[in-house]
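Coordinate inspection notes
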Amino acid sequence: MRQRVLGRTRLQVSELGLGTWGLSGEGYGPVTELEQDRVIDRARSLGITLFETADCYGAGAMERRLGSRLPETGTLIITKVGTDRSSEPPRKRFDCKYLEPAIERSLERLRRNTLVVVLLHNPSPQAIERGEATGLLAKLAGAGRITAWGVSISNAEQARAAVAQGAGVVSIPYNAFNAKDLHAVSALVKEYEVGVLAHSVLAYGMLCGQWALDKTFSAEDHRSERWSPDEFRRRLSQLSALRPLIGGPVLTLRAAALRFVLQNSLVGSAVLGPRGVLQLDQLVREAGKEPPYIPEDKLRALTARLNQLGAEQ
C-alpha cells in the first residue's frame, strides 16, 4: 500500500482509505457487527492506515468500533462532526455550544487523547464563513486536542470558503463522472497545500458497471432516491466512456474508475466504502500498485469521451 502526504499537515496516509458510512449500515442497509470487524481488520492487514468516520454513524457506534479495534500507533482516524441527531429530523449544527462537547465525545469513543483530523460534516458556505466552527477547530488545534482540521463537503463553493478560513484538509466528491469540483479548486489546493480526501470515488456503485437498466434498490438504500429513472439510465449509458480503459492490468470498470482517482496527484487518499471483505479485497487488488494508474494519453481520451457523452466533468 503506497503512502501519500496529506497536504501541509505532513501526515503520511495510505492512498486508499476505509470509509465507514456504508459499513455502519446506514447508507445501504444493515451490516452485521461481525462483518464490520472483519472489514476493519482486513483493511489493516492490507496496509490501509486511514480510516474515515463520523460521530453520527450509528449514533457513535462506528467511532466506538474503530476506537476499540485500531491502535493509536500506525493508524489515523478521521472523524466528522456537525450532525445533531438528538432532534427529529436530524439537523446540522456548527455552533460552539454543540461542537465542543461533540468533539469531546468523539475523543472518548475513539479512545484517543488527540484527534488527528476533525472535519466539519457538510457545512454550508455561510456556516463556514461565519467562522465560529472553524475558529473553534483552530483553537482546539492550538491546544493540542486535534492535529489538523478541515471540512467534508459536496462542492467547490464550500471548499473555497473553507480554504479561506484556513482549513488544512478537504474531503470532496471526486470520480470520473464528477471531477469538476476538485478541478475548480485545484489552484487553491496547490497554493495553500490543502490535503485532499476523495470520497464518492465509485459514484455510489454506479461506476462499477454491474447494474442492469431495470436495477432497483431497497427503501433503506439511499440510492433508491438518488437518481430519477431517466437519470439512472443516462448515467449507465455513459459508462461506455470508461470501457476502452479495460485491458492489460485494468480488468474491470471498477478498476478503471478507481485508477482515475488515484492518477490525480492532488488526492492524498481515495476513501473507499466497502460493506464486506470481498468488496474490499477486490478494490485493493484492482487499484494498482504505482503510477501511472492510467497513462496520460488514455486519461485525455477518457475526458474527451466523457465530454462527448455529456457526462459531468
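All figures in this text were calculated on a predicted structure; none of them were measured in a lab. (Residues numbered from 1 in each chain as written. Predicted model: local features only at pLDDT ≥ 70, side-chain atom pairs only at ≥ 80, totals over all residues. Heavy atoms only, no water.)

Attention shifts here to the overall build of the protein. A tally of helices and strands in the protein yields 12 helices and 12 strands. Against the globule reference of 20 Å for 313 residues, the protein gives a C-alpha radius of gyration of 19 Å, in line with a compact fold. Across its three principal axes, the protein shows a C-alpha extent of roughly 50 × 45 × 40 Å. Burial statistics for the protein: of 313 residues in total, 56% are counted as buried. Restricting to contacts in the protein with at least 6 residues of sequence separation, those with at least 24 account for 75%. Total accessible area on the protein stands at roughly 13,600 Å², and carbon and sulfur atoms take up 49% of it. (Helix = DSSP H or I, 4+ residues; strand = E, 2+ residues; numbered from the N terminus. Rg over C-alpha atoms; globule rule 2.2 N^0.38 Å. Buried < 20%, exposed > 50% of the residue type's maximum accessible area, 1.4 Å probe, protein only. Contact = heavy atoms within 4.5 Å. Areas by Shrake-Rupley, 256 points an atom, 1.4 Å probe, with all protein chains shown as cover.)

Let's shift gears to the pattern of salt bridges. Within this structure, the stated rule accounts for 22 salt bridges. Taking the shortest distance from any N to any O, the salt bridge between arginine 85 and glutamate 26 comes out at 2.6 Å. In this pair, arginine 85 is assigned in the loop between strand 6 (83–84) and strand 7 (91–92) and glutamate 26 in the loop between strand 3 (16–19) and helix 1 (33–45), connecting sequence segments 59 residues apart. Judged by its relative accessible area of 30%, glutamate 26 is partly exposed. Among the ionic pairs, arginine 234 bridges to glutamate 231, the shortest N-O distance being 2.8 Å. Here arginine 234 pairs with glutamate 231, and both are found in helix 9 (residues 229–238), just three residues apart, close to one helical turn. A relative accessible area of 35% places arginine 234 in the partly exposed class. (Salt bridge = Lys/Arg side-chain N within 4 Å of Asp/Glu carboxyl O.)

Moving on to the side chain of histidine 199. Position of histidine 199 relative to the elements: it lies in strand 11 (residues 195–199). What makes histidine 199 buried here is its relative accessible area of 17%.

Burial analysis of strand 12 (residues 267–272) places six of its six residues in the buried class, the great majority of the element. Across three bridges, the pairing between strand 3 and strand 12 is parallel. Note on strand 12: the bridge partner recorded for glycine 17 is valine 271. (Pairing = 2+ DSSP bridges.)

Looking now at the packing of helix 3 (residues 96–110) against helix 5 (residues 132–142). Two elements in contact, helix 3 and helix 5, have axes separated by 10 Å at closest approach and are oriented at 35°. Of the two possible hands of crossing, helix 3 and helix 5 adopt the one that is right-handed. Residues Cys96, Leu99, Glu100 and Ile103 of helix 3 form the contact with helix 5, whose participating residues are Glu132, Ala133, Leu136, Leu137, Lys139 and Leu140. A breakdown of the residues in the contact of helix 3 with helix 5 according to their chemical character gives seven nonpolar, no polar and three charged. (Axes fitted to C-alpha atoms, helices over the stretch in contact; angles between N-to-C directions. Left-handed = near helix turned anticlockwise from the far one by under 90°. Nonpolar A, V, L, I, M, F, W, Y, C, P; charged D, E, K, R; others polar.)

Time to look at helix 12 (residues 296–309). A rise of 1.5 Å per residue sets the reference length of helix 12, with its 14 residues, at 20 Å; its end C-alpha atoms lie 20 Å apart and thus fit the reference within 8%. Among all positions in helix 12, only Leu299, Leu302 and Leu306 are buried. Mapping the buried residues of helix 12 onto a view down its axis gives an arc of 60°, with all of them on the same face. In helix 12, the exposed positions that point more than 90 degrees away from the buried face belong to Arg300 and Gln308. Tucked inside the fold, the buried residues of helix 12 contact helix 10 (253–262). Downstream of helix 12 by one or two residues, glycine 310 has phi in the positive range, about 80°. (Expected span 1.5 Å × (residues − 1). Arc of directions from axis to C-beta.)

Taken by themselves, the reported measurements are silent on function.
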